[in-house]
Amino acid sequence: MAAGVDQLTDRERDVLRLLLAGHTAKSAAAELDLSVHTINDYLREARKKLGVSSSREAARILGEHETSPPQNRPQAAPENLAPQQMGMGAASIAANTPMPSATPAGRRALPWIIGGIVMLTAAIAAALFFASAGGSDTGQMQAEQQQLENTVGENAVAEEAAREWLALIDAGKYSQSWAEAGPMFKSVVTADSWTAQAEPVRAPLGKVVDRQLSSVKSSTTLPGMPEGNYRMIVFNTDFATAGKASETVVMNKERGQWGVIGYFIR
């Protein structure tokens, strides 16, 4: 399969990468300033070279190829997307890791994670990354397009729930943010512990000047977690004191409602 990947042109790779990022053939065409017909031609050639019938599978193969180390090079340890300090409910993992300072101490963004249940490693990012690809065959593309539209709708609901929860954090309403988090979150940290951990870390960052959505990735599985309906929502946020930072809110849909199960900022 590696030989097939090596045969891909730069443009075919560009289109597959856009599918991995959640684009459809139509939005990929707009992104690259090409026609949908041309995009489908690139996808058709890519599928042929990779020996698969699905554009989703072709995108997954390219993603795995580009994120794996060369065959003759020792594999490096995966890069953590979160600091090594875990939140409440994961003391066994964090026992040997120093607590982060509650003060930015000259850094523009303070890395921290509170209330998280699992370590957000590259494995999680990959699972979320590959789950958002689309297709291009006429019949298959229509089905996948409908699936993507449903996903987009769920993404919007999850994003709104995440923003409402973050607004409580912004206002210093930590007890209420605990009450409105997901059941998984509340099962690993008490309201008092959450407030005691969150307040001294969040307050020094200052007020939110601006918060813009960066990305939403979906998955039905996360390492160490039961199968479910997950979203990893990333915001680019400007804080009055700490400056620019990246906030990630991990959401899970339980009992028909989106709830926060993890949060970190860096």
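Analysis parameters
- Residues numbered from 1 in each chain as written.
- Predicted model: local features only at pLDDT ≥ 70, side-chain atom pairs only at ≥ 80, totals over all residues.
- Heavy atoms only, no water.
- Salt bridge = Lys/Arg side-chain N within 4 Å of Asp/Glu carboxyl O.
- Helix = DSSP H or I, 4+ residues; strand = E, 2+ residues; numbered from the N terminus.
- Buried < 20%, exposed > 50% of the residue type's maximum accessible area, 1.4 Å probe, protein only.
- Phe/Tyr/Trp six-rings, centres within 6.5 Å; stacked < 30°, edge-to-face > 60°.
- Lys NZ or Arg CZ within 6 Å of the ring centre and 35° of its normal.

## Some words on the pattern of salt bridges
Turning to step 1, where the next piece is worked out: For the coordinates displayed, the defined rule picks out 13 salt bridges.
Turning to step 2, where the next piece is worked out: The partner of Arg 17 in a salt bridge is Asp 14, and the shortest N-O contact between them spans 3.1 Å. A residue pair is termed a helical-turn pair when its members lie 3 or 4 positions apart in one helix, as Arg 17 and Asp 14 do in helix 2 (residues 10-20) at three residues.
Turning to step 3, where the next piece is worked out: With relative accessibility at 26%, the residue Asp 14 sits in the partly exposed group.
Turning to step 4, where the next piece is worked out: Taking the shortest distance from any N to any O, the salt bridge between Arg 202 and Asp 170 comes out at 3.0 Å.

## Focus: the environment of Ser 55
Turning to step 1, where the next piece is worked out: Looking at the secondary structure, you find Ser 55 in helix 5 (residues 55-67).
Turning to step 2, where the next piece is worked out: Taking the C-alpha atoms as reference points, Ser 55 and Arg 44, separated by 11 residues in sequence, lie 7.9 Å from one another.

## Observations regarding the packing of aromatic side chains
Turning to step 1, where the next piece is worked out: All chains considered together, the criterion is met by four aromatic pairs.
Turning to step 2, where the next piece is worked out: Judged by centre distance (6.0 Å) and plane angle (40 degrees), the ring pair of Trp 165 and Trp 194 falls under tilted. Of this pair, Trp 165 sits in helix 8 (residues 138-170) while Trp 194 sits in helix 11 (residues 191-202), and the two are 29 residues apart along the sequence.
Turning to step 3, where the next piece is worked out: Since its relative accessible area comes to 2%, Trp 165 is described here as buried.
Turning to step 4, where the next piece is worked out: Members of the aromatic cluster, joined through ring pairs, are Trp 165, Phe 185, Trp 194 and Tyr 263.
Turning to step 5, where the next piece is worked out: The ring of Trp 178 carries Lys 186 above its face, with NZ or CZ at 5.7 Å from the centroid.

Without other data, these values stay purely geometric and don't point to any function.
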